Amino acid sequence: MARPGAVIEVDRNTPPTLFHYGEGVRLERLPLGSRIVYPPDPLEPIAHPERAIKRALGKPLDDDPLKSLLRRGMKLTLAFDDLSLPLPPMAAPDVRQLVMEEVIDMAAEAGVEDIHLIAALGLHRRMTQDEVRHIVGDRIFSTFWPDRLYQHDGEDPDENVYIGKTAQGEEVTLNKRAAESDLVIYVNLTLVPMDGGHKSMATGLATYRGIRAHHNVKTLLGSRSYMNPPDSALHHSCIRQGQLIEDTVRVFHIETTVNNHAFPSIASFMQKRETDWTPQDQAMFLAMKQMTDIAPPAFKRGVFHAMRAPYGLTSVNAGQVDAVHDKTLDAVRNQISVPVEGQTDIVTMGVPYLGPYNINAPMNPVLVVCMAAGYLFNLYRGKPVLREGGVLIFEHPCRYEFDAVQHPSYIDFYDEVLADTTDPFEIEKKYEQRFAEDPWFIQLYRKSNAYHGVHPFYAHYWAAFAMQYAGDIIVVGGEREVVHRLGFKAATTLEDALEMAEQTVGRHPSITHLRVPPIMLCDVQ
Amino acid sequence: MIAEALKGKTILVTGTTGFLGKSIVEKTLRAIPEVGRINLAIRSSARRPAAERLEREVLSSPAFKRLKDELGEEAFARLAAEKLSVLEIDLGADGLGLTDAGRAELARCDIVIHSAAAVEFDNPADLSAQTNLLGAARMVNTVRETGKRPHLVHISTAYVGGLIRGLVREEMPLDPGLNWRHEAAVLAALRGPVEEESRRPEVLRKLRREARSRVGPAGTPAMARATERLREKWVKDRLVERGRVHANAMGFSDIYSFTKAMAEHAVVELHGDVPLSIVRPSIIESSLDEPFPGWLEGFRMAEPIILAFGRGILQDFSGLPDSVLDIIPVDFVVNAVLAVAASPPPDAKPRFYHVASGSRNPLRYRQFPEIGREYFGEKPLRDRYGQAIGAPNWTYPTRSELAARARTALRFTEAAQWLVERLPLGAGASPLSDNLNAERERLERGLGLIQLYGVYTEVDCIFDTRHLMSVWDKLPSAEQKTFPFDPALYTWDHYMKDVHIPTVLRMSRQETAARRGKQPTGSTLVKTAGDSVRSAIERRTGRSDVLAVFDVDGTLVETNVVEYFLWMRLRAQPLEDWPAFMAEMLREAPRWLYLERRSRAEFQRSFYRQYDGLDYEVMRRLGREALNAVTLRRVYPEGMRRIREHKRAGHHVLLLTGALDVVVEPLAELLEVEVDCAHLLEKDGRMTGDLQSPPPAGEARATLLEEYASRHGLVLSESFAYADSLSDLPMLELVSTPVVVNPDARLSQVAGQRGWRVERWRMAPGNWRPPMPDPRSPEYREAVRR
């Protein structure tokens, strides 16, 4: 039985605490009496993933066995999550590869010939050949690429269809091949409770027209948080869209979850609590600290992004979407939930080198906001760990650094939009349409490996709630100019940041440090 | 006495577009309202008739502001119409180019004040001789021809005595035994032989070599223009040098005082029975009181030195610290001239008057930097970072010592600049080179000052003013107040600190502002974009006949043809073949660098031979792959933004580049703009390494652009061009809004001279990768296997 997550109080014997710091690490001494929230240890993975997959496909939840749905001459489409999940990318073989190989074998047995595999990337960037190959594996890649294994294109006017409107007026669009298929099999990997379920189809195979229905400031401010679907306006909207899609096309969902074994053995100190560090871990930490302190950013990035996570499969479920997703969410919560008692004046965290949108790329300032004030801040159920008006402190170098191929619209967003305002409502009103419809960004999204023109807006909206809710946000160790552009305050050390925070929350504040990653979900009572 | 004597008189003043002439006219108009009429001798210039020059170059001068304020604009206009008239006179023509009416008008004049002169110390010899010497002679001759005997007041200079020591008396100047007619003939005819000399093969070859090194890649016509400009400069420099050396040899400090001395000889010889007074001011500087304290026009002698002193450019200066620096305010000169004009000599013997301060109120040379230090100590100038510049402490070395020091420093700077411009640093070199350029200009300015003015700080003489003072003593005390010219009336401390230095500082700001807007002349004329490019785009929004043309390599994308070639070739061969290939490329690199510097076209032609025998379709595919791997990673986000702004504004966008179709076309497709690039001839599906048409570099690029514009009905005079290299110069010259992006050292200089917009676009940080595919990528390995 793996050790559950825990909340530890800092006392005289507590060793310094690890803070992720972009492509680097720091040790900080937190004030006595602060709390540190640790994620649970990785759950024991399923010993024979292939068998578990076979079992799930043979006995689906609220649906017929997959074999009975496959027949000769049918049009079959497999859609799968793109490389924004899991983080870091999974060491080969990827779970999705195992599932898809199984499904394709089954389909071949049933005599299905018309099979297409579509990477359901929504408005994310197209993956490179190598990245697609990593997800699907050599066998599938060499068989299907490029004419039957390809990536969804949300801007292709001929390959997307408009399905209709939900009762709430949300427009729904779908990839044409998927819409015309006799059966769509969605192969998902869920890392956090935000993923999966109806959101898979409703965003992964949709266009800007459909996605903007819920990717907007109003919906996101109504999602407390989007990491907990029952309280999330985002998910309610996706469910409405998803139900319309299920009425149009037969979808068979396969969802998988993995444990939180995010770091390979060389970086196992990142995985463990500081009290558990072995001499090897300490040596590894020292080595990494020395390396990251002096190495140039490009070199560090090379080292960090080469890390592959030794994730283990913890559940695989197939069948009808709601039934499957309930089980999936149970499995995810089982792995990442940590009960935390009460809110706190100050929340601190270290922002790691990687977020969902910067695989093989630097985490640019806009993405830092998305990661810290978006994803990490929102990893709660019930109430945020931070009290309303409290101060969020995070550590990240916040360099002015962008990947020109992946994030061209982010550069313009930073240079033009953020220079004007950081207010999400104003940004949405004034700039979103121009970026979304910019032909250059559309071209880059379709033909290069760039995120859609509107994507930086979503990244910024993701943090809208935190920016509204927190009394102040302070970045430790960030480039001053960049931090100011983002609308935050810059501090050199954690001590300074805590002093600055006292101006907002008063003397002797309560402090909670979220020791992420690995990912956890704070269940705040 | 003065007002009485000039009452109802008709006066002719020459040189009224100059500083002194203007001041004389102003004072007369203001202080002697009963004067009959003032004829202003003005020549029609190529651009403006004489009457317009009166309006624009004389009456609109700040000197007349006081009068305008006192009278009101209307009354002033009435007064000017009543008292002033233009007499068209050309000092360069015999008989002064006068019409019959003009001659009649001249005959009506009672007083002729001849103050026209080419006053710069470094004028070409022929110009000085023509204006100063022959002009004065013609003046006297023409006056005599009228048969009348007006009082001729000839303005000369105190330095006609040459470099002599001790007291300089008010009498005929030093005569080294020269015949002024002969001198005039030789000097005035100098230009012909010098022009001829400038066309000698060895000279032309040298100039052409220099032009090539400056603007070589810009193409033949640009180089021809540059050569011609250099030749003209060469001729002028020679003429200046000839003048200076000749004057020095004859015992004069410069060509100005030499020709003025000769002119005195001529005037004295020719004047016959015309009453003649010769007024010799020393160094005329800003006015003490009238028309306002600190009235000054043009930068003359002490001004550049004061400025250089305050800016810390002149860390030291030569001279004799106890010698007298003879400066005289312009209003004192004007008053002296009027007083002299009012008391004509009773006989035909010429009278000489020194207007100088040295004998009555000497300003010692040592006082000059002392006052300067006090002034700048209180109100220092600031450098571009806003830091105060400390005033230097002069040690007075000898002139040759100082010049040698400056020359050594200059030589080092030039060597460094030569090196920087030749290193393959591209846009990275331009800030460095700009700095060196600024330093070189600073040194050249200092050296120029030393050469031109150094001699005046060694003049060990005092100008006798007894004649002038006797005029002063005769003035009634009321007129001594209205027409002061006794230099003992003021202190130097007051004059320098409260009047002159503040004036110089005020004017220097004016001058720098004017210089920025200065436009080149002749065939290279271009209009500068008034304000930012963006507002220019806005102004021309919605006009489909506007073109925005972009160079690609270095302007939009941080690459060059070599890197693309490298990437594509490496991508197509297995890892083990890389070292051999790289070694071969390295061996050729120096040759390509040399060619690139010489001419972009030659370089491209030579480099494209490398493509000989490569499969066209394969290269097309590789080019497409290079788009993601190389081009998009290295684009300048600002460039992409600018293209889209132009497209949003409805402009026609064209990429004009010498890069190959296989690498540029994918980018143009993505941008959805048109492209004109190089194509290689094809044979059996393979490239040949020969270009289909000459590479679009230099003037070929300009022609291409013109052709393109006329084909599509585009108006180049309303268009935009963006480029980074000197080879794009002809193209940039064609459009109304040229924008220089990341210029190399040489283009940066050109852009600075012409006031073009210079923008620095950068790659998004963190994107530089060597131009080679990732050998670990399975995609690469599979592609090579195939």
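About the criteria used
- Residue numbers here run from 1 along each chain, matching the order of that chain's written sequence.
- Labels are handed out in written order, letters beginning with A for the chains and numbers beginning with 1 for the ligands.
- For a predicted model such as this one, the threshold for reporting local features is a pLDDT of at least 70, and the threshold for listing and counting side-chain atom pairs is 80 or more; totals across whole chains, interfaces and linings nevertheless cover every residue.
- Strands are runs of DSSP state E lasting at least two residues, helices are runs of H or I lasting at least four, and both sets are numbered from the N terminus onward.
- Three classes are used. A residue is buried when 20 or more other C-beta atoms lie within 10 Å of its own, exposed when 12 or fewer do, and partly exposed in between, with C-beta atoms placed from the backbone.
- Think of it this way: build a C-beta for each residue from its backbone, and any pair within 7 Å is a contact.
- Using C-alpha atoms as the atom set, the radius of gyration is obtained and then compared with a globule rule of 2.2 Å times the number of residues to the power 0.38.
- Paired strands are those between which DSSP finds at least two bridges.
- Structural elements are reduced to axes, namely lines fitted to C-alpha atoms, with helices fitted over the stretch in contact, and the angle between N-to-C directions of any two is expressed from 0 to 180 degrees.
- A set of buried Ala, Val, Leu, Ile, Met, Phe, Trp, Tyr and Cys residues, joined to one another through C-beta atoms within 7 Å, is what we call a nonpolar core.
- Charged means Asp, Glu, Lys or Arg here, nonpolar means Ala, Val, Leu, Ile, Met, Phe, Trp, Tyr, Cys or Pro, and polar covers whatever is left, Gly included.
- Domain boundaries shown here were taken from an automatic or database domain assignment.
- Scored between 0 and 100, pLDDT is the confidence that the predictor attaches to each residue.
- Any angle that falls under 35 degrees is termed roughly parallel, while one over 145 is termed roughly antiparallel, one within 65 to 115 roughly perpendicular, and all others oblique.
- Each crossing is labelled by how the near helix is turned from the far one, with a counterclockwise turn of less than a right angle marking it left-handed and a clockwise turn marking it right-handed.

## A few points about the overall build of chain B
Part 1 of the argument: Broken down by element type, chain B carries 31 helices and 19 strands.
Part 2 of the argument: Each of the three principal axes of chain B carries a C-alpha extent, and together these read 110 × 55 × 50 Å.
Part 3 of the argument: Looking at chain B as a whole, 46% of its 786 residues are labelled buried.
Part 4 of the argument: Counting contacts in chain B only where the partners sit at least 6 residues apart, residues at least 24 apart contribute 77% of the total.

## Describing the overall build of chain A
Part 1 of the argument: Along chain A, the regular secondary structure elements total 21 helices and 20 strands.
Part 2 of the argument: Taking 24 Å as the expected radius of gyration for a compact globule of 525 residues, we find that chain A reaches 22 Å, a close match to that expectation.
Part 3 of the argument: For chain A, the spread of C-alpha atoms along the principal axes amounts to about 70 × 50 × 45 Å.
Part 4 of the argument: Within chain A, the proportion of its 525 residues that are buried is 57%.

## Focus on the sheet that holds strand 13 (residues 652-660) of chain B
All names here are of chain B.
Part 1 of the argument: Ordered by their spatial adjacency, six strands build an open sheet running 14-13-12-17-18-19, and the pairing between neighbours is parallel. Where the open sheet ends on each side, the last strands, each with one partner, are strand 14 (674-678) and strand 19 (757-759). Between one strand and the next, the sheet's axes are offset by a mean angle of 20°, whatever the strand orientation.
Part 2 of the argument: Bridge count for strand 18 (residues 737-741) against strand 19 is three bridges, and the pairing is parallel. Residue pairing for strand 19: Val739 is matched across the bridge by Arg757.

## Quick look at unusual backbone geometry
Part 1 of the argument: That bond from Leu85(A) to Pro86(A) is cis: its omega, -15°, falls within 30 degrees of zero.
Part 2 of the argument: With respect to the secondary-structure elements, Pro86(A) resides in the loop between strand 5 (75-81) and helix 3 (95-109).
Part 3 of the argument: Put simply, Pro517(A) and Pro518(A) share a cis peptide bond, and its omega is 0°.
Part 4 of the argument: The residue Tyr396(B) is not glycine, and still its phi comes out positive at about 55°.

## Some words on the nonpolar core
Across soluble globular proteins, you tend to see nonpolar side chains buried next to one another.
Part 1 of the argument: Of all hydrophobic cores here, the largest spans 240 residues; its most connected members are Met100(A), Ala372(A), Leu376(A), Leu392(A), Ile474(A) and Ala721(B).
Part 2 of the argument: The element that contributes the greatest number of residues to this core is helix 14 (residues 365-376) of chain A, accounting for ten residues.
Part 3 of the argument: Every residue in contact with Met100(A), bar those within four places of it in the chain, is listed here: Leu78(A), Phe80(A), Leu117(A), Val136(A), Ile140(A) and Val187(A).

## Brief notes about the interface of chain B and chain A
Part 1 of the argument: Across the contact, 19 residues belong to chain B and 22 residues belong to chain A.
Part 2 of the argument: Of all the secondary structure elements, the ones that give two or more residues to the side of chain B that touches chain A are helix 25 (616-634), helix 26 (637-648), helix 27 (661-671) and helix 31 (778-785) of chain B.
Part 3 of the argument: Class assignment for the residues of the side of chain B that touches chain A results in ten nonpolar, four polar and five charged.

## As for the domain arrangement of chain A
One frequently used descriptor of interface size is the decrease in accessible area upon assembly of the parts.
Residue and element names in this part refer to chain A.
Part 1 of the argument: Domains assigned within chain A are domain 1 (6-40 + 265-306 + 336-524) and domain 2 (49-247).
Part 2 of the argument: Between domain 1 and domain 2, the residue contacts involve 30 residues of the former and 27 residues of the latter.
Part 3 of the argument: Looking at the side of domain 1 that touches domain 2, the elements that each hand over two or more residues are strand 15 (380-381), helix 16 (424-436), helix 17 (439-447), helix 18 (455-461) and helix 19 (464-469).
Part 4 of the argument: When its residues are assigned to classes, the side of domain 1 that touches domain 2 shows 21 nonpolar, six polar and three charged.

## Observations concerning the confidence of the model for chain B
Residues and elements named next belong to chain B.
Part 1 of the argument: In this model, chain B carries a mean pLDDT of 83, and residues with pLDDT of at least 70 account for 95%.
Part 2 of the argument: Mean pLDDT per element in chain B: helix 20 (residues 492-516) is the minimum at 70, and strand 12 (residues 547-550) is the maximum at 94.
Part 3 of the argument: Here residues 510-531 scores under 50 on pLDDT; set against residues more than four positions off or in separate chains, the count is 21 contacts.
Part 4 of the argument: If you check the scores for this complex, the pTM reads 0.77 and the ipTM reads 0.89.

## Concerning the pairing of strand 3 (residues 25-28) of chain A
Residues and elements named next belong to chain A.
Part 1 of the argument: Of the strand pairs in this sheet, strand 2 (residues 17-22) and strand 3 are connected by four bridges, and their pairing is antiparallel. By the bridge assignment, His20 is partnered in strand 3 with Val25.
Part 2 of the argument: Where strand 2 folds back onto strand 3 in an antiparallel hairpin, the turn is made up of two residues.

## Describing the pairing of strand 15 (residues 680-683) of chain B
Part 1 of the argument: Two elements, strand 15 of chain B and strand 16 (residues 686-691) of chain B, share three bridges in a ladder whose sense is antiparallel. Of the residues in strand 16 of chain B, the one forming a bridge with Glu682(B) is Met687(B).

## Some remarks on the sheet that holds strand 20 (residues 521-524) of chain A
Residue and element names in this part refer to chain A.
Part 1 of the argument: Ordered by their spatial adjacency, three strands build an open sheet running 13-20-15, and the pairing between neighbours is parallel. Each edge of the open sheet is held by one strand with a lone partner, namely strand 13 (337-340) and strand 15.
Part 2 of the argument: Of the pairings in the sheet, the one linking strand 15 to strand 20 comprises two bridges and is parallel in character. The residue bridging Tyr380 from the neighbouring strand is Cys522, located in strand 20.

## Some points on the environment of Asp326(A)
Residue and element names in this part refer to chain A.
Part 1 of the argument: The residue Asp326 is located in helix 13 (residues 321-336) in this model.
Part 2 of the argument: Asp326 sits in the partly exposed class, given 13 other C-beta atoms within 10 Å.
Part 3 of the argument: The sequence separation of Asp326 and Leu69 amounts to 257 residues, and the corresponding C-alpha distance is 23 Å.

## Some remarks on the packing of helix 10 (residues 201-215) of chain B against helix 11 (residues 220-249) of chain B
Residues and elements named next belong to chain B.
Part 1 of the argument: Here helix 10 crosses helix 11 at 125°, and the two axes come no closer than 8 Å. Between helix 10 and helix 11, the interaxial angle falls into the category oblique. The way helix 10 lies across helix 11 gives a crossing that is right-handed. In this structure, helix 10 uses Val203, Leu207, Arg208, Glu210, Ala211, Arg212, Arg214 and Val215 to contact helix 11, whose residues at the interface are Ala222, Met223, Ala226, Thr227, Leu230, Arg231 and Trp234.
Part 2 of the argument: When its residues are assigned to classes, the contact of helix 10 with helix 11 shows nine nonpolar, one polar and five charged.

## Observations concerning helix 27 of chain B
Part 1 of the argument: Within helix 27 of chain B, the full set of buried residues consists of Asp661(B), Val662(B), Val663(B), Val664(B), Pro666(B), Leu667(B) and Leu671(B).
Part 2 of the argument: Directly beyond the C-terminal end of helix 27 of chain B, a positive phi value near 55° is found at Glu672(B).

## Things to note about helix 13 (residues 302-310) of chain B
Part 1 of the argument: Of all nine residues in helix 13 of chain B, eight are buried; the element is thus mostly enclosed.
Part 2 of the argument: Count one or two residues on from helix 13 of chain B and you reach Gly312(B), which has phi positive near 75°.

## Brief notes about the packing of helix 3 of chain A against helix 4 (residues 129-144) of chain A
All names here are of chain A.
Part 1 of the argument: Look at helix 3 against helix 4: their axes get within 7 Å of each other, and the N-to-C directions meet at 35°. Considering how the two elements wind past one another, helix 3 and helix 4 form a crossing that is right-handed. The residues of helix 4 that touch helix 3, namely those facing Arg96, Gln97, Met100, Glu101 and Ile104, are Ile135, Val136, Gly137, Arg139 and Ile140.
Part 2 of the argument: The class makeup of the residues in the contact of helix 3 with helix 4 is five nonpolar, two polar and three charged.

## Regarding the environment of Val333(B)
All names here are of chain B.
Part 1 of the argument: Among the structural elements, Val333 can be located in helix 14 (residues 330-342).
Part 2 of the argument: The spacing of Val333 and Ile284 is 49 residues in sequence and 7.6 Å in space, taken between C-alpha atoms.
Part 3 of the argument: Setting aside chain neighbours within four positions, we find Val333 in contact with Leu20, Pro281, Ile284, Ile328 and Val355.

## Quick word on the environment of Met90(A)
Part 1 of the argument: You can see Met90(A) is positioned in the loop between strand 5 and helix 3.
Part 2 of the argument: Note on Met90(A): 26 C-beta atoms within 10 Å, which makes it buried.

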